[in-house]
Amino acid sequence: MVAQRKGASRVSEDPEELARVSLQAVLLADSFTTKFHPITLERPKVLLPLVNVPMINYTLSWLESAGVEEVFVFCCANSKQVIDYLENSEWVSLPDFAVTTIESHNSVSAGDALRLIYERNVIHGDFVLITGDTISNMSLRRALQEHKERKKKDSNAVMTMVVKRSKPSPITHQSRLGTDELFMAIDPNTKQLVYYEDKADNSKGIIHLDKSLLMDNPSMSLRNDMQDCYIDICSPEVLSLFTDNFDYQHLRRHFVKGLLLDDIMGYKIYTHEICSSYAARIDNYRSYDTVSKDIIQRWTYPLVPDVKFFGNSAYKLERQGMYRASEILQARSAQVGPFTVIGDNSKIGGNTKITNSIIGQGCSIGSNVTIEGSYIWDNVTIEDGCKLSHAIVCDGVIIKSGAELEPGVILSFKVIVGDQFVVPSYSKVSLFQQPTNQDSDEELEYADNSSGIVEFAGTTDKSSSEQSKSLEMQGWPASELGNGGIGYVWSICEGSVEEEWRHSVAPIPSNKFEKALQAADDELELTQDSNVLPTSGELKSDSNFSDGDDNEDSRDDSIHFEKEVEATFLRAVHENIKVDNVILEVNSLRLSYNKVAADCAGAIFYSLMKFAYDSPHGSSSELLQNTTNIITKWKKLLKYYLADMDEEIEVILKFEEMCLESAKEFTPHFTKILCHLYDQEIIQEDAILRWDDEKKEADDSDKLFVKQAEKFIEWLRVASEEEEEEEEEEEEEE
Amino acid sequence: MPDVQALVNDFVIKLKKRKIEGSLATAKHTAELLRSVISHQRIPYTNQAAALIDAVKAVGEQLIAANPVELAVGNIVRRVLHIIREEDLSLTTASIAGLSLSAVSDDEDDSEKDDHPALSAAAVAAAARSTLRPPSLQTLLEDVPNQASVHQTSSSGGDSEGKSKSADKSSRSRKLKHDVIEAVNELIQDIATCHEQIAEQAVEHIHQNEVILTLGSSRTVLEFLCAAKEKKRSFRVFVAEGAPRYQGHLLAKELVTRGLQTTLITDSAVFAMISRVNMVIVGAHAVMANGGVMAPVGLNMVALAAKRHAVPFVVLAGSHKLCPLYPHNPEVLLNELRSPSELLDFGEFSDCMDFGSKTGSPLLHVVNPTFDYVPPSLVSLFITDTGGHNSSYMYRLIADYYSADDLVIKKRPSTGS
């Protein structure tokens, strides 16, 4: 009794203990993308069968076995189907495992979903954030414990991300799962995530790290062999962060990167690396293929077909990874190869060859059919002599005799392929017409759904065979899928041609592979090139330093920006372009790079000096002469951006740094040039004095130029009182 | 009733998810679950045994289907069924023999309901039977004709009882249930103490200055070796590590803490070391009716090496591991393939499993079976809680624990069709 009472009092004292009692999870049953179109038009992604079991069951049974007690399933696109499915499944009746659905019709992103969940106020403690297409068998215990301990020490540690080691292909720069190469910088001691970049191929294999990142972290390991499992252990603060930052949409692109860049709030994200257990998210058709094969190879044990983790579908595992349900009609001459799953009540005709494929329940496959690396869902009819390779065939599809599916084909629900018809590679066929404005709703699975297709879906859902016949009578474009075929072939939009082979179920064709190999070689050369021009890069980061705005995005930008400005300026010099036009061009650059006037001033000044420095000069006095000439010539351009004292200081700082680093020959002339700038009214005395003031606290090495300019500054100070009256006159002169 | 169903579901889920490991724990859980099923089962006036059997069978079927690889579940279900049949038989024979006594025994029952049932004639008979249980051909021969007549006697007996007294019936039904639960308790006790019973025999088998080889880790083997050590035998143990789970490391550590001279070797060194070994002692996952053994992976190799060098290969198995089924294709059908991650690091080999390049079919297959099948010809001796037996004797031993009617546990309609 005493012990009990003690326990009870401890619970009430320590809210974290209380939270540990019921672990909650948020499961997003919507991917908020269109990667699985056209299939997801008719059925939500989480209900798509993965090795003959709807995906969400893998996620739920993992959550259940990992000790999660309450799951909030957030449904958006086709929410009705998900809710119906869950209500009729075994999950609702399990003891100690509550599944609650939250429905929303106007959420278009993970961010919206989390904001809605925050409004509902159902999350009380740490929770697991996961999407309904994640397969895992990891144990959450360690990760949770680590998260809790960190949280106790530092309340800013709001999230623990689960990562797994998995090498990306060096040639195609994509992981096994078809996602882009991912770069992470992790502090090896604390496991803190300090950098996350998943769109690395935009920058052709170059990533830019901010200098401050290296300054702040004494040790840091930069990894490109990590795979993000999309399993996050979050503190409740995460939800409120989403609410505070209403522009966060994507979990990684906005939220994680946003937190990493934001040093004001100081929120931290940590990683937890899993070694022996499995975790992966199905993001596209390629990962669907990969994860299916991993399941068949039993990496996900005990979530494998012959263990009845869900439902009652019993498979027996036979030699060489053949999984067979108990009730199968298989002709004696049929050859069922290794790593194949065959569902209940399926019939397989004579001389049929099946390898590396998954066949659903109630399929009937004729004789002399060849099926290779394909995913055939339930109740599919494949007539004699068909050939399928690396295709996904959804429920109720009929493939008439002699038809052929080339690699990468996707046949959505109830499509009929006509006799002898060859469906070309990577084509997607659906009973629905392709939405016309695909680009606008790239991100919204839901939007597509509401655009008039819904009524149509109603009819096909009910459609018996007669109805589909009557539809045929109404004039299906018979030509599109051959004689007697039903369905629209979706055209591949221009931009994504490149993506098709990346994200398809079919293996990468050899010619693409060679091309990628070629590209990899080119890239190598390119990186060597880029090594030759370091000077501006160096300056770049320094300019950033003076900005006080330290992040690699802007750093990256400012390198480009400065180069552009320099090029513009040089062109202006060589082609005698008017100053006004140069200003116009620089302004447009400023807008496109989102820079302030100070950046422009710095960049232009840098260009001027660089030009002077690069122009031929015999002696250093000649260089000085050149410089003063150029400054005088272009002072109007420079002046344009020096509206404020800040910009002027920026110019001085820039000059100082140039003298220190890239153009040391300027060093002896620092005072003279500064004096010239003052004479030309480019820099006001206030700015110089202020610069001097700022430098007072700096250490001696920084004061080098202040000392050099000491006399000049002294003179300015003395003169400043008298000057006050003169100033007005001077301005009139100007 | 609903709470029993919840218990059953809970256990089924645990089995499905492979959350219970090891045949001992599984056997214990199964027996306890079946005990509560029996105690909650409402019993009709006629044919009580059949009602119990049906209830147990229904639950048993679910349990077996949940994890067909864990044979201990099926073994315990069959054992309990056998117990019910036995108790029913003894009750009927007792009541037929002592119809005159029945009034007296009724009074006894009424007065001291649950306290001293052992005084009743039937219980005495049951006790006598259980003392006789260690197998002897005579009892077996006696049992056979009896069992053939079970159905007639029980049904006709029930009828005749129905005519006699209604009060008698209710007490009898309570009695049957009670006796069965008693017997199941005994079974649970047996399972819990099987290690000690096996270990008691250790001194008979392990002699001074011998070298014993074992593979992987088994609690039975640990207790066995320690029991010999406690009896002042000094001997040495070679432990093969038992890849890929390396439980041999744990066993070695445990043996050392108990003061045994231990040598740890790799699995592949077994053949090299076997010539210096006097006896191989291993645990088992299950013992099949033909005397074949489902054992941790790697043991077939050890058994072959032992055979080659004429070293005795001794298998320790509690009686809950005796399975009345004959194996068919045991390497595949009774095996459990676990995750390849126990063998290799996914991260290091992930490029071999990149299905996007090349042909799209995996070139690397990783197979990680949990069990090996050791054919009966390679096993020299079985040591169970009842003593040492030859592998050819196993079917006899099994016939004593199970009744032939229960070998197939499936509901009537499916067997009928």
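Definitions and limits used
- Residues numbered from 1 in each chain as written.
- Chains lettered and ligands numbered in written order.
- Predicted model: local features only at pLDDT ≥ 70, side-chain atom pairs only at ≥ 80, totals over all residues.
- Helix = DSSP H or I, 4+ residues; strand = E, 2+ residues; numbered from the N terminus.
- Contact = placed C-beta atoms within 7 Å.
- Buried ≥ 20, exposed ≤ 12 C-beta atoms within 10 Å, placed from the backbone.
- Core = buried A, V, L, I, M, F, W, Y, C linked by C-beta atoms within 7 Å.
- Domains from an automatic or database assignment.
- Nonpolar A, V, L, I, M, F, W, Y, C, P; charged D, E, K, R; others polar.
- Pairing = 2+ DSSP bridges.
- Axes fitted to C-alpha atoms, helices over the stretch in contact; angles between N-to-C directions.
- Expected span 1.5 Å × (residues − 1).
- Arc of directions from axis to C-beta.
- pLDDT = per-residue confidence, 0-100.
- Left-handed = near helix turned anticlockwise from the far one by under 90°.

Novice: How should the overall build of chain B be read in this particular structure?
Specialist: Regarding its fold elements, chain B presents 18 helices and 10 strands. Long-range contacts, defined here as pairs at least 24 residues apart, represent 81% of the contacts in chain B between residues at least 6 apart.

Novice: So what exactly am I meant to see when it comes to the overall build of chain A here?
Specialist: Across its full length, chain A carries 26 helices and 35 strands. Counting all 734 residues of chain A, 44% fall into the buried class. Of the contacts formed within chain A by residues at least 6 apart in sequence, a portion of 59% connects residues at least 24 apart.

Novice: What is the right way to look at the nonpolar core in this model?
Specialist: What tends to happen in soluble globular proteins is that the nonpolar side chains get buried as a cluster. Membership of the largest hydrophobic core comes to 146 residues, with the highest contact counts inside it found for Leu-27, Val-73, Phe-74, Val-128, Val-393 and Leu-411 of chain A. A domain-level breakdown of this core finds at least three residues from each of domain 1 (19-287) and domain 2 (331-491) of chain A. Apart from residues lying up to four places away in sequence, Leu-411 of chain A is in contact with Ala-391, Val-393, Cys-394, Val-397, Val-417 and Val-429 of chain A. Ranked by size, the runner-up nonpolar core spans 96 residues in total, among them Val-69, Leu-187, Leu-255 and Cys-323 of chain B.

Novice: What am I meant to see in the domain arrangement of chain B here?
Specialist: By a frequent convention, interface size equals the accessible area lost on bringing the separate parts together. All names here are of chain B. One can read the domain layout of chain B as domain 1 (2-193) and domain 2 (201-335 + 370-405). Between domain 1 and domain 2, the residue contacts involve 19 residues of the former and 20 residues of the latter. Where the side of domain 1 that touches domain 2 is concerned, the elements lending two or more residues are α2 (23-40), α4 (71-97), α7 (137-148) and α9 (166-200). If one sorts the elements of the side of domain 1 that touches domain 2 by residue count, α4 sits on top with nine residues. Considering only residue class, the side of domain 1 that touches domain 2 consists of 10 nonpolar, five polar and four charged.

Novice: Looking at this model, I keep getting lost on the sheet that holds strand β3 (residues 261-265) of chain B. Mind explaining?
Specialist: Strand pairing within a sheet occurs via backbone hydrogen bonds; the two strands may be parallel or antiparallel. Residue and element names in this part refer to chain B. Read from one edge to the other, the open sheet built from seven strands follows the order β3-β2-β1-β4-β7-β9-β10, with strand pairing classed as mixed. Each end of this open sheet is capped by a strand with a single partner; those strands are β3 and β10 (387-389). Direction aside, neighbouring strands of the sheet carry axes that sit 25 degrees apart on average. Two strands pair when backbone bridges link them, and strand β7 (residues 313-316) and strand β9 (residues 381-384) are joined in this way by three bridges, in the parallel orientation. Counterpart to Val-315 in the pairing with β9 is Phe-382.

Novice: Would you explain the pairing of strand β6 (residues 127-131) of chain A in this entry?
Specialist: A regular strand places its side chains on the two faces of the sheet in alternate fashion. Residues and elements named next belong to chain A. Within β6, five of the five residues are buried, which leaves the element mostly enclosed by the surrounding structure. A two-sided burial pattern is seen for β6, the buried positions comprising Phe-127, Leu-129 and Thr-131 on one face and Val-128 and Ile-130 on the other. Pairing of strand β1 (residues 24-28) with β6, which is carried by five bridges, proceeds in the parallel orientation. Among the inter-strand pairings, Leu-27 is bridged to a residue of β6, identified as Ile-130. As defined by bridge partners, β6 adjoins strand β12 (residues 226-234) across four bridges and the pair is classed as antiparallel. Opposite Val-128, over in β12, you have Ile-233 as the bridge partner.

Novice: Would you mind going over the interface of chain A and chain B with me for this structure?
Specialist: Chain A puts 36 residues into the contact, and the matching count from chain B is 28 residues. Those elements giving two or more residues to the side of chain A that touches chain B turn out to be β8 (157-165), α11 (285-296) and β15 (315-318) of chain A. Tallying contributions element by element places α11 of chain A first for the side of chain A that touches chain B, with four residues. A class-by-class count of the residues in the side of chain A that touches chain B yields 13 nonpolar, 11 polar and 12 charged.

Novice: Looking at this structure, how should I read the sheet that holds strand β23 (residues 364-365) of chain A?
Specialist: Residue and element names in this part refer to chain A. One open sheet accounts for six strands, arranged β17-β20-β23-β26-β29-β32; its pairing is parallel. A single partner strand is all that each edge strand has here, and the edge strands are β17 (328-330) and β32 (416-417). Bridge count for strand β20 (residues 346-348) against β23 is two bridges, and the pairing is parallel. By the bridge assignment for β23, Ile-348 is matched with Ile-365.

Novice: I'm lost on α2 of chain B in this one. Help?
Specialist: Working note: α-helix, 3.6 residues per turn, so residues spaced by three or four point in the same direction. All names here are of chain B. For α2, with 18 residues, the first-to-last C-alpha span of 26 Å sits near the 26 Å given by 1.5 Å per residue. Among the residues of α2, those classed as buried are Ser-23, Thr-26, Ala-27, Thr-30, Ala-31, Leu-33, Leu-34, Val-37 and Ile-38. The buried residues of α2 occupy one face: seen down the axis, they fall within an arc of 170 degrees.

Novice: What is the right way to look at helix α5 (residues 79-87) of chain A in this model?
Specialist: All names here are of chain A. Where α5 is concerned, the buried positions are Ser-79, Val-82, Tyr-85 and Leu-86. An end-on view of α5 places all buried positions within 135 degrees of arc, on one side of the element. Residues of α5 that are exposed and angled more than 90 degrees away from the buried face: Lys-80 and Glu-87. Contact partners of the buried residues in α5: β4 (70-75) and β5 (98-103).

Novice: Looking at this structure, I do not really get the pairing of β9 of chain B. What am I missing?
Specialist: Residues and elements named next belong to chain B. By the bridge criterion, three bridges tie β9 to β10 in an arrangement that is antiparallel. Looking across to β10, one finds that Phe-382 is bridged to His-389. Where β9 hands over to β10, the hairpin turn is made up of two residues, counted between the paired strands.

Novice: Can you walk me through the confidence of the model for chain A in this structure?
Specialist: Low pLDDT means the predicted atomic positions in that stretch should not be read closely. Residues with a pLDDT of 70 or more make up 81% of chain A, whose mean pLDDT is 78. A low-confidence stretch, residues 1-19 of chain A (pLDDT under 50), is modelled with seven contacts involving residues beyond four sequence positions or located in other chains.

Novice: Quick question: what am I supposed to make of the environment of Ala-58 of chain B here?
Specialist: As for its position among the elements, Ala-58 of chain B is in helix α3 (residues 48-66). Counting along the chain gives 351 residues from Ala-58 of chain B to Ile-409 of chain B, while the straight-line C-alpha distance between them is 8.5 Å.

Novice: In this structure, what is going on with the packing of α2 of chain B against α3 of chain B? I would like to understand it.
Specialist: How two helices sit against one another is set out by the angle between their axes and by the gap between those axes. Residues and elements named next belong to chain B. For the pair α2 and α3, the least separation of the axes is 10 Å and the interaxial angle reads 140 degrees. Remark: the crossing between α2 and α3 carries right-handed chirality. The residues of α3 that touch α2, namely those facing Thr-30, Leu-34, Val-37 and Ile-38, are Leu-52, Ala-55, Val-56, Val-59 and Leu-63. Tallied by class, residues from the contact of α2 with α3 come to eight nonpolar, one polar and no charged.

Novice: It is not clear to me how unusual backbone geometry should be interpreted in this structure. Could you clarify?
Specialist: It is generally the case that most residues other than glycine have a negative phi and that most peptide bonds are trans. The omega torsion of the bond from His-37 of chain A to Pro-38 of chain A falls at 0 degrees, within 30 degrees of zero and hence cis. Within the fold, Pro-38 of chain A resides in the loop between β1 and α3 (39-42). With an omega dihedral of 0 degrees, the bond running from Ala-243 of chain B to Pro-244 of chain B counts as a cis peptide bond. Tracing the sequence through the fold places Pro-244 of chain B in the loop between β2 (236-240) and α12 (247-257). In the Ramachandran plot, Val-51 of chain A falls in the positive-phi region, its phi being about 50 degrees despite a non-glycine side chain. Its 24 C-beta neighbours within 10 Å are what place Val-51 of chain A among the buried residues. Although it is not a glycine, His-390 of chain A adopts a positive phi angle of roughly 50 degrees. Along the chain, the position of His-390 of chain A falls in the loop between β27 (387-389) and β28 (392-393).

Novice: Would you mind showing me how to read the environment of Ser-350 of chain B here?
Specialist: Note that Ser-350 of chain B resides in the loop between α16 (346-349) and β8 (371-374). Taking the number of C-beta atoms within 10 Å as the measure of exposure, Ser-350 of chain B has 20 and is therefore buried. A sequence separation of 82 residues divides Ser-350 of chain B from Ser-268 of chain B, and the C-alpha atoms of the two residues are 27 Å apart. Sequence-distant contacts of Ser-350 of chain B, defined by excluding residues within four places in its chain, comprise Ser-166, Lys-167 and Arg-176 of chain A.

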